[in-house]
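Architecture and fold: a report
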Amino acid sequence: MTIQILHNPRCSTSRKALEMIRAAGHEPEIIEYLKNPPTREELVSILVAMDATPREILRAKEPLAKELGLLDPARTDRELMDAMLENPILIERPIVITKKGARLCRPVERVSELF
């Protein structure tokens, strides 16, 4: 399996994760998720691999999350996913996917857990 990274080149943490992957001798498939957002099926697959909920990958610091009321604990997983699919900036990054699983690599050192 190829290593994949959901990447935002403007994010320093995402850039550091990419550097760490390459420093470990791997050339990942880079998915610029703001340009090529995941489908619902892909996002569900990522969440399953992470054993996570949509709330765990919601970029809560993004002003749009507050504006849309997504920080309200009453919001459902489906509502969060719908918002993330419509506005991929709401997906926290970087997410790294390998044969060992998937992780939100915050802090960036978590990327080493996947090698």
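Shown above is the structure to which this text applies.
Okay, so let's go over this structure. (Residues numbered from 1 in each chain as written. Predicted model: local features only at pLDDT ≥ 70, side-chain atom pairs only at ≥ 80, totals over all residues. Heavy atoms only, no water.)

The subject of this paragraph is the nonpolar core. Ranked by size, the top nonpolar core spans 23 residues in total, and within it Met 50, Ile 57, Met 84, Leu 90 and Ile 95 carry the most contacts. Within the residue set of this core, elements represented by two or more residues are helix H2 (40-50), helix H3 (63-67), helix H4 (77-86), strand S3 (95-98) and strand S4 (101-104). Those residues in contact with Leu 90 that sit more than four places away from it in its chain are Ile 57, Leu 58, Arg 59, Glu 62, Leu 64, Ala 65, Leu 68, Leu 70, Ala 83 and Met 84. The next biggest cluster of nonpolar side chains, apart from the first, holds 10 residues, and it includes Ile 3, Ala 17, Cys 105 and Leu 114. (Core = buried A, V, L, I, M, F, W, Y, C linked by side-chain atoms within 4.5 Å. Buried < 20%, exposed > 50% of the residue type's maximum accessible area, 1.4 Å probe, protein only. Helix = DSSP H or I, 4+ residues; strand = E, 2+ residues; numbered from the N terminus. Contact = heavy atoms within 4.5 Å.)

Here we come to the sheet that holds S3. Taken together, the 4 strands give an open sheet; going across it, the order is S2-S1-S3-S4, and neighbouring strands pair in mixed fashion. Here the strands that pair on one side only, and so sit at the sheet edges, are strand S2 (29-32) and S4. Neighbour-to-neighbour, the strand axes of the sheet open up by a mean angle of 15°, direction not taken into account. Where strand S1 (residues 4-7) meets S3, 3 bridges bridge the pair, whose relative direction is antiparallel. Within S3, the position partnered with Ile 5 by the bridge is Val 96. Of the strands in this sheet, S1, S2 and S3 touch helix H1 (residues 12-23), which is tilted by about 160° from S1. (Pairing = 2+ DSSP bridges. Axes fitted to C-alpha atoms, helices over the stretch in contact; angles between N-to-C directions.)

Backbone torsion omega between Arg 93 and Pro 94 reads -5°, so that peptide bond is classified as cis. Checked against the element boundaries, Pro 94 lands in the loop between H4 and S3. For the bond from Arg 106 to Pro 107, the omega torsion is 5°, close enough to zero to count as cis. If you trace the backbone, Pro 107 turns up in the segment after S4.

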